[in-house]
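# Tertiary structure, described
Here is how the chains run, residue by residue.
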Amino acid sequence: MGEAKLYVIPGSHPSLSARLMLERKGIPYKRVDLMPVISKGILRAQRFPANTVPALKLDGNRVQGSTEISRELDRIQPEPALFPADPELRAKVEEIEAWGDGFQQKPRRLSWWAFKRDRAPMASYSEGARLGIPTGLAVKTGGPLVAAAARLNGSTDENVSADLASLRSDLDRIDGWIADGVIGGPQPNAADYQLAPSLRLLMSFDDLRPFIEGRPCGELANRIAPDFPGRTPAIFPAEWLAGLRH
Ligand SMILES: N[C@@H](CCC(=O)N[C@@H](CS)C(=O)NCC(=O)O)C(=O)O
């Protein structure tokens, strides 16, 4: 097998899903850190079919998207398996993974909304990254880039307040899957790897961590994805968080 190369954006939660799954398989890889938005052109230049991270070059193939990557990793190296062999169980894991793929947009929208208001915390999410320019400089000059990302991701007040209002029911749903034993087992599956980084990104917000960390889903996230850099001090209007409190 030639050396695998994984293109990521620092702080990108599905990028972390891909990293954790490669590590679980014991497949060595080189990580290429990209700046958001600028990443799109670089991925196109590398002849990837789409313009998002994670994007993986593996054995001459280009595999893009966390859910495609989980399947390709099981195909090229079946053990340890990311999907259960039992078809019924596999269908459940696939269903949760697909739900998690959509759920990703929530922490993504919240993050860009927050960075648009205050870029200072962004640097903490790039800890350990090699962006080619100093992180402080990237953050300082990153205003237009953050504005573009916020626009592209629909980070409006309306969407973000609705995301926060429905977050508690999302967390209840994830806790339910843990109680059913479909995720959170001793052998992490593709759905565990899909959900944990999204939860960790949500938990990087001081506003949200207290509502997640004591729950089964918070424990799962900390166990599956122990290292997720980044911290954003309180930033959301108190009334947007009311649904989490009651
Ligand atoms: N559902 C896709 C989403 C990938 C995605 O949207 N990635 C974001 C980063 S989290 C991205 O590449 N955004 C481009 C940008 O920020 O310019 C997956 O799981 O791979």
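Our subject in this report is the structure included herewith. Just so it is clear, the structure is predicted and the values come from calculations on it, not from any experiment.

Positionally, A129 belongs in the loop between α6 (122–125) and α7 (135–140). Sequence separation of A129 and E95 is 34 residues, and the distance between their C-alpha atoms is 32 Å. Those residues in contact with A129 that lie beyond four places of it in its chain are P10, R31 and D33.

Walk down a regular strand and you will see the side chains alternate between the two sheet faces. Of all five residues that make up strand β2 (residues 29–33), four are buried, and the element is covered over most of its length. Pairing analysis gives five bridges linking strand β1 (residues 4–8) to β2, with the strands arranged parallel. Across the sheet, A4 pairs through a bridge with Y29, a residue of β2. For the segment spanning β1, helix α1 (residues 13–25) and β2, crossover handedness is right-handed.

Strand order in the open sheet formed by four strands is β2-β1-β3-β4, with mixed pairing between adjacent strands. The two strands at the open ends of the sheet, each matched to only one other strand, are β2 and β4 (61–64). Averaged over all pairs of adjacent strands, the angle between strand axes in this sheet comes to 20 degrees, irrespective of strand direction. Most of the contacts of α1 go to β1, to which it runs at about 155 degrees, and overall it touches β1, β2 and β3 (55–58).

Positionally, D175 belongs in helix α10 (residues 167–180). With near-sequence residues (within four places) excluded, D175 lies in contact with R215, P216 and C217.

This part takes up the pairing of β1. The buried count for β1 comes to four of five residues, which makes it a mostly enclosed element. Relative to β3, β1 runs antiparallel, the two sharing three bridges. Bridged to L6 within β3 is L56.

Glancing now at the site of the ligand. In the neighbourhood of the ligand, 16 residues make up the surrounding shell, with V37, V53, S66, D101 and Q104 lying closest. Within the contact set of the ligand, an oxygen atom lies 2.5 Å away from a side-chain nitrogen or oxygen of S66. For the ligand, whose unbound accessible area comes to 510 Å², protein coverage reaches 85%. The site holding the ligand turns out to be the largest pocket. Elements that contribute at least two residues to the shell around the ligand include exactly α1 and α2 (38–45).

Thresholds, definitions, all that
- Within each chain, residue numbers correspond to sequence positions counted from 1 in written order.
- Only residues with pLDDT of at least 70 are given local features in this predicted model, and only at 80 or more are side-chain atom pairs given and counted; all residues enter the totals for whole chains, interfaces and linings.
- Side-chain numbers come from the whole structure's heavy atoms, not from hydrogens or water.
- Each helix is a run of H or I in the DSSP string that is no shorter than four residues. Each strand is a run of E no shorter than two, and both are numbered from the N terminus.
- Only heavy atoms enter the contact rule, under which two residues are in contact if any of them lie within 4.5 Å.
- Whether a residue is buried, partly exposed or exposed follows from its accessible area with a 1.4 Å probe, protein chains only, as a fraction of its type maximum: under 20%, in between, or over 50%, in that order.
- Pairing between strands is defined by DSSP: at least two bridges between the two strands are required.
- Viewed with both strands pointing away, a crossover whose connecting path from the first strand over the helix to the second turns clockwise is right-handed.
- Lines are fitted to the C-alpha atoms to define the axes, a helix being fitted only along its stretch in contact, and any angle between axes, read from their N-to-C directions, falls within 0 to 180 degrees.
- Whether a residue is near a molecule or strand depends on its heavy atoms: it is near if one of them lies within 4 Å of it.
- We define a polar contact as two N or O atoms separated by no more than 3.5 Å, with the added condition that, inside protein, one atom must be a possible hydrogen donor and the other a possible acceptor, whereas residues neighbouring each other in sequence contribute only through side-chain atom pairs.
- Note that accessible areas follow from Shrake-Rupley with a 1.4 Å probe, and for residues the cover is restricted to the protein chains shown.
- Buried and open spaces are told apart on a 1 Å grid over the protein atoms alone, a cavity being a set of points where a 1.4 Å probe fits but cannot get out and a pocket being an open set with protein on both sides within 12 Å along at least five of seven lines. Residues with an atom within 4 Å of a point are the lining residues.
- If over half the atoms of a molecule are within 2 Å of the grid points of a cavity or pocket, the molecule is regarded as sitting in it.

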